[in-house]
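Each chain, written out:
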Amino acid sequence: MSSPATGAATLAPRRSSRFVAWVRAWRAGLVPYDEVAESIAGDEEHLVADAPGTWTDVPLRDALPSLAKLSPDEIRLVLPAPGDPRGLPGPGDFAGAALLAGEAVVAGPLGLIPEVRTHTSGSGMTWETVLWRVYPLPADAPKASLAAPGAAEAEAELAAALAETTAALTRLDVAQWRPELAGALAALRRPDGATDLPPGFDPRARRLFARAAVLDRVLALAGHSAPGGAINNYEAQQRDAALRPLTTACRQALVAACNAPLRP
């Protein structure tokens, strides 16, 4: 069972996170161009549609030069949700698609949104590709709308929301229908030195990103009932209410970490 309250988290907004982090590091001169596309895509195939100067879908590597004149601060992660459009540069096709996807990249005059496509071969094998669709942004987009909390503020908000949500889920006896969640929440409270961020991000941004990335998986887990688990509509509503502030804090933490100032 999934729910609107956890929808933004179950989308696991990692692709836009990695795109922003690695492209910003490249534009800051901290990682070479040759590493960017591979670091963003990992084991997936990434294509780009409607990139400037192209007439068909092109590999991600071939589309990156269209961002070569941007400074790192012009490349931003946006994780909007219904009722919370923070970071979107005004209404339009890009804003509507970003709200639907729950994630997007603002890159100067362009917006990019990943679409995951599933393919099936004649023999029945399935695989996925990621298509980054490029949108032109309004020339008069208000710059103030791109503002977001800093890493320190986002870290404090995430810690407070985590404590509040843990207490609420304990009161709801969530372990009765999702026992794995208790262990996941406990693990989240322990320091985690792992990070997916490239060079240039300071320790606070790395710590914040690592915690928020784990939290994405915890929220996805919490948003589903265990097989055979007994949870009625009232319990689901109570769970959603408990998770909502943590979901919001998690999105803002990822945004703050990926958009943090870079250091040589």
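Our structure is the block above this text.
The shown structure was predicted, so the numbers you read here are calculated from the model rather than taken from an experiment.

(A) Up close: the overall build of the protein chain. A count of helical and extended segments in the protein chain gives 9 helices and 6 strands. In the protein chain, buried positions account for 48% of the 264 residues. Accessible surface, the protein chain: about 12,700 Å² in total, of which carbon and sulfur atoms supply 56%.

(B) Main features of helix H5 (residues 93–101). Among the residues making up H5, those that are buried are Phe94, Ala95, Ala97, Ala98 and Ala101. The buried residues of H5 all sit within an arc of 170° when viewed along its axis, so they share a single face. Among the exposed residues of H5, those pointing more than 90 degrees away from its buried face are Asp93 and Leu100. Each element contacted by the buried residues of H5 is listed here: strand S4 (104–107), strand S5 (110–120) and strand S6 (126–136). Positive backbone phi, approximately 80°, marks Gly102, located one or two places after H5.

(C) Examining the nonpolar core more closely. Core analysis: the largest hydrophobic core is formed by 56 residues, its most contacted members being Phe19, Val23, Leu64 and Leu67. Examining the composition of this core, we find that 10 residues originate from one element, helix H9 (residues 233–258), more than from any other. For this core, the domains that each give at least three residues are domain 1 (15–136) and domain 2 (151–259). Leaving out residues up to four positions away in the same chain, Leu67 has contacts with Phe19, Val23, Trp26, Arg27, Ala107 and Leu110.

(D) View of the pairing of strand S3 (residues 75–78). Burial of the side chains of S3 extends over both faces: Ile75 and Leu77 are buried on one face and Arg76 and Val78 on the other. Bridge count between S3 and S4: 4 bridges; the pairing is antiparallel. Bridge pairing in S4 places Val78 opposite Ala104.

(E) Spatial organisation of unusual backbone geometry. We note that Asp50 has phi near 65°; this positive angle belongs to a residue other than glycine. Residue position: Asp50 is located in the loop between strand S1 (45–49) and strand S2 (58–59). What makes Asp50 partly exposed here is its relative accessible area of 48%.

(F) Just the packing of aromatic side chains, in detail. Counted under the stated rule, the structure contains 3 aromatic pairs. Judged by centre distance (4.6 Å) and plane angle (45°), the ring pair of Phe19 and Trp132 falls under tilted. Taken together, the positions of Phe19 in helix H2 (residues 14–27) and Trp132 in strand S6 put the pair 113 residues apart, joining distant regions of the chain. On the basis of relative accessible area, Phe19 is assigned to the buried category, the value being 1%. Judged by relative accessible area, which is 0%, Trp132 ranks as buried. Between Trp26 and Tyr33, the aromatic rings sit 5.6 Å apart at their centres with planes inclined by 50°, giving tilted as the arrangement. On the basis of relative accessibility, which here comes to 26%, the residue Tyr33 falls in the partly exposed class.

(G) Examining helix H3 (residues 33–41) more closely. Every buried residue of H3 is listed here: Val36, Ala37, Ser39, Ile40 and Ala41. Gly42 lies just past H3 and shows a positive phi near 60°.

(H) Focus on the pairing of S5. As judged from the 3 bridges shared by S4 and S5, these two strands associate in the antiparallel manner. Residue Val106 lies in a different strand from S5, and its bridge partner there is Gly111. As consecutive antiparallel partners, S4 and S5 are separated by 2 residues, and within that stretch Gly108 has a phi angle of approximately 60°, a positive value. Inspection of the sheet shows S5 paired to S6 by 11 bridges, in the antiparallel sense. Within S6, the position partnered with Arg117 by the bridge is Thr129.

Scoring rules and cut-offs
- What you see as residue numbers is a count from 1 along each chain, following the sequence as written.
- Per-residue local features of the predicted model are confined to residues with pLDDT of at least 70, and side-chain atom pairs are confined, for both listing and counting, to 80 or more; whole-chain, interface and lining totals are unaffected and use all residues.
- Water and hydrogen atoms were dropped before computing side-chain values, which therefore reflect all heavy atoms in the structure.
- Every helix listed is a DSSP run of H or I at least four residues long, and every strand listed is a run of E at least two residues long, numbered separately from the N terminus.
- Each residue is assigned to one of three classes by its accessible area relative to the maximum for its type, calculated with a 1.4 Å probe on protein chains only: buried under 20%, partly exposed between the two thresholds, exposed over 50%.
- For the accessible areas, the method is Shrake-Rupley and the probe is 1.4 Å, while residue cover comes only from the protein chains on display.
- By arc we mean the arc of the directions from the helix axis to the C-beta atoms, nothing more.
- Contact definition: two residues touch when any of their heavy atoms are within 4.5 Å.
- Here, the term nonpolar core denotes a set of buried Ala, Val, Leu, Ile, Met, Phe, Trp, Tyr and Cys residues that are joined through side-chain atoms within 4.5 Å.
- Throughout the structure description, domain borders are defined by an automatic or database domain assignment.
- When DSSP finds two or more bridges between a pair of strands, those strands are recorded as paired.
- In this scheme Phe, Tyr and Trp rings, the latter by its six-membered ring, pair at centre separations within 6.5 Å, and the angle between planes marks the pair as stacked below 30 degrees, edge-to-face above 60, and tilted otherwise.

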